[in-house]
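Here is what each chain is made of, one letter per residue.
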Amino acid sequence: MNKTAKRIVGTTITLTMLVGIGYTLNNPISPIKPVEAATSESAKYNGKAPKYIFMFIGDGMSFPQIQVAQYYKGVEKNGVIDPKKGNYPNPVNLSFMDFPVAGTVTTYDSTSVCPDSASTATSLSTGKKTLSSVINMDETKTKSYETITEKLKKQLGYKIGIVTSVNIDHATPGAYYAHVPARSNYYDMGVQLVNSNFDYFAGGKFLSDDSKEVKEQGKLPISKLAEKNGFKIADTQEEIKSLKSADNKVIAICPENEIEKESGAIKYDLDRTGNEFTLADYTKKGIELLDNDKGFFMMVEGGKIDWAGHANDAASSINDTEALSDAVQEAINFYDKHPKETLILVTGDHETGGLTIGFAGTNYDTYLQNLSNQKISYTAFDRYVAKYRENKTSFDDAMKDVEANFGLKRAGSSGESTKGGMVLTSEEEARIKAAYEKSMIQKEDRKLDENEYVMYGSYEPFTVTLTHILNNKSGVSYSSYSHTGLPVAMMAKGAGQELFSGYYDNTNVFDKLKEITKVK
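One structure accompanies this document, and this report is about it. (Residues numbered from 1 in each chain as written. Predicted model: local features only at pLDDT ≥ 70, side-chain atom pairs only at ≥ 80, totals over all residues. Heavy atoms only, no water.)

A few points about the nonpolar core
One recurring pattern in soluble globular proteins is that nonpolar side chains are buried together. With 71 residues, the main nonpolar core has Phe56, Tyr282, Ile344 and Phe462 as its most contacted residues. The dominant element in this core, judged by the number of residues it contributes, is helix α12 (residues 314-337), at 9 residues. If we ignore the near neighbours within four places in the chain, the residues touching Phe462 are Phe381, Val385, Tyr388, Phe395, Ala398, Met399, Val402, Ile432, Ala435, Tyr436 and Ser439. Met55, Val214, Ala495 and Leu499 belong to the second largest nonpolar core, which has 52 residues in total. (Core = buried A, V, L, I, M, F, W, Y, C linked by side-chain atoms within 4.5 Å. Buried < 20%, exposed > 50% of the residue type's maximum accessible area, 1.4 Å probe, protein only. Helix = DSSP H or I, 4+ residues; strand = E, 2+ residues; numbered from the N terminus. Contact = heavy atoms within 4.5 Å.)

A word on the environment of Glu150
One can find Glu150 in helix α4 (residues 148-156). Accessibility expressed as a relative area gives 14% for Glu150, which makes it buried. Separated by 47 residues in sequence, Glu150 and Asn197 place their C-alpha atoms 9.6 Å apart. If near-sequence neighbours (up to four positions away) are discounted, Glu150 is found in contact with Tyr145, Tyr177, His179 and Phe198.

Considering the pairing of strand β16 (residues 502-505)
Burial along β16 is two-sided: the face carrying Gly502 and Tyr504 and the face carrying Tyr503 and Asp505 are both buried. Sheet analysis places strand β4 (residues 101-106) next to β16, joined by 4 bridges and oriented parallel. Paired with Val105 across the strands is Tyr504, a residue of β16. (Pairing = 2+ DSSP bridges.)

Description of the packing of helix α3 (residues 117-126) against helix α18 (residues 507-517)
One way to put it is that α3 packs onto α18 with a least axis distance of 5 Å and a crossing angle of 20 degrees. One finds that α3 runs roughly parallel with respect to α18. α18 is crossed by α3, and the crossing has right-handed handedness. Contacts from Ser123, Leu124, Ser125 and Thr126 of α3 reach α18 at Thr507, Val509 and Phe510. Here the residues of the contact of α3 with α18 sort into 3 nonpolar, 4 polar and no charged. (Axes fitted to C-alpha atoms, helices over the stretch in contact; angles between N-to-C directions. Parallel < 35°, antiparallel > 145°, perpendicular 65-115°, else oblique. Left-handed = near helix turned anticlockwise from the far one by under 90°. Nonpolar A, V, L, I, M, F, W, Y, C, P; charged D, E, K, R; others polar.)

So, the packing of helix α10 (residues 279-290) against α12
At a closest axis distance of 7 Å, the pairing of α10 and α12 adopts a crossing angle of 25 degrees. Of the possible angle classes, the one that applies to α10 and α12 is roughly parallel. The handedness of the crossing between α10 and α12 is right-handed. Across the interface between the two elements, Leu279, Ala280, Thr283, Lys284 and Ile287 of α10 pack against Ala323, Leu324, Asp326, Ala327, Glu330, Ala331 and Phe334 of α12. Here the residues of the contact of α10 with α12 sort into 8 nonpolar, 1 polar and 3 charged.

These figures capture arrangement, not role.
Below, the structure is given as structure tokens:
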């Protein structure tokens, strides 16, 4: 580890300790208080305010998610395994890793050094710390904070776009238009979206569509309220493609045949089967609709990087990180036409899963191309498991699907079981079989002890064991099913980019945007 890396790690550990001490010793029931983080650059900006601002947020994306995606791209393009030495890829940069300015951003909130998306997105959008689960309100849940999007809309007349690969009323997109005491207040968030007067929303279906307010209280679905308030709703590819800049106030909802049926979100990129719309497509359409003489601000979230991290699904995480990179490329294409008027920021809200490049069982070696054997996400394979349970499928028959979808071969098959080989060891197959037996029990009848929770979390035991073993055979691993306290990256390109270098807190991102745009 070089001196710079040691200094960053040391600073992170020190900050974590100081924040923790303030919480436990000074007042054990008080929230964590913000610690002002100094930047290496002046906070003053004397240049011209950017007319076009892109804010890309990889939910759950920190340095490990970025780096493993780049190494994997290098493996796909150049990698060759040496059975004796392991795998040494030539990393291929994601689109935003060529940006001229890089920074490091801390993410703790008023509750924890391992924060949630509501509070971290609140810090990014308002410059304020708050409790986990709270969106754009203070710790008492009585005071609202004005967002950067609201300021830009009111004071400068910018058009505003909010794009996500998950549900439009999820926590991160919600932090750019809503103010609620709990992120689960989906219907209230939807009403605030309708009343925001913002210009472009795109993503998965509204979570409130299936809420009690709609089903039991007879309230209008948010999409109907939006139409009454002047929004144009587009929920087929044909309708979305036909949207024009003259269409004021638009909501583009992922078409029904393209969503992930369990969540209503856009499919994992790994599960795309053809011409389904991607995050890049929604970003490109947003640029078309928002482009105007006054300017625009567009927040684009790669939300399923986080979901894959929670499930410890490295292959899905990598593919969705690449999908975010593709969306950033659309902004870069726009920047190339307006280089003096555009600012592009790419960051994360927090890290998810404790992803590590390296595993005890592979020592100093990695075999990342093994991950290419995974053909579908954990969510898609969970559907297989549900059918196994329903049909009382034998373990032997289930393992045929395992080989087809994960490339893992039964113990005793021809080939290598270690050093990059895809043959299971006897111990690995025993773990998979035990997990399969647990998955064959109806979910409501399962009783996981403490050790089993560490092994499976809240996920399907069979599926998560398969991703764990494939990850480990590839030389990567996870430490958690939750968020972690790692700082995240900040990449910047364009007008005002110099303000985003250094080591600082996520609240300072708002401060810097406020300084650059001169809003009050």
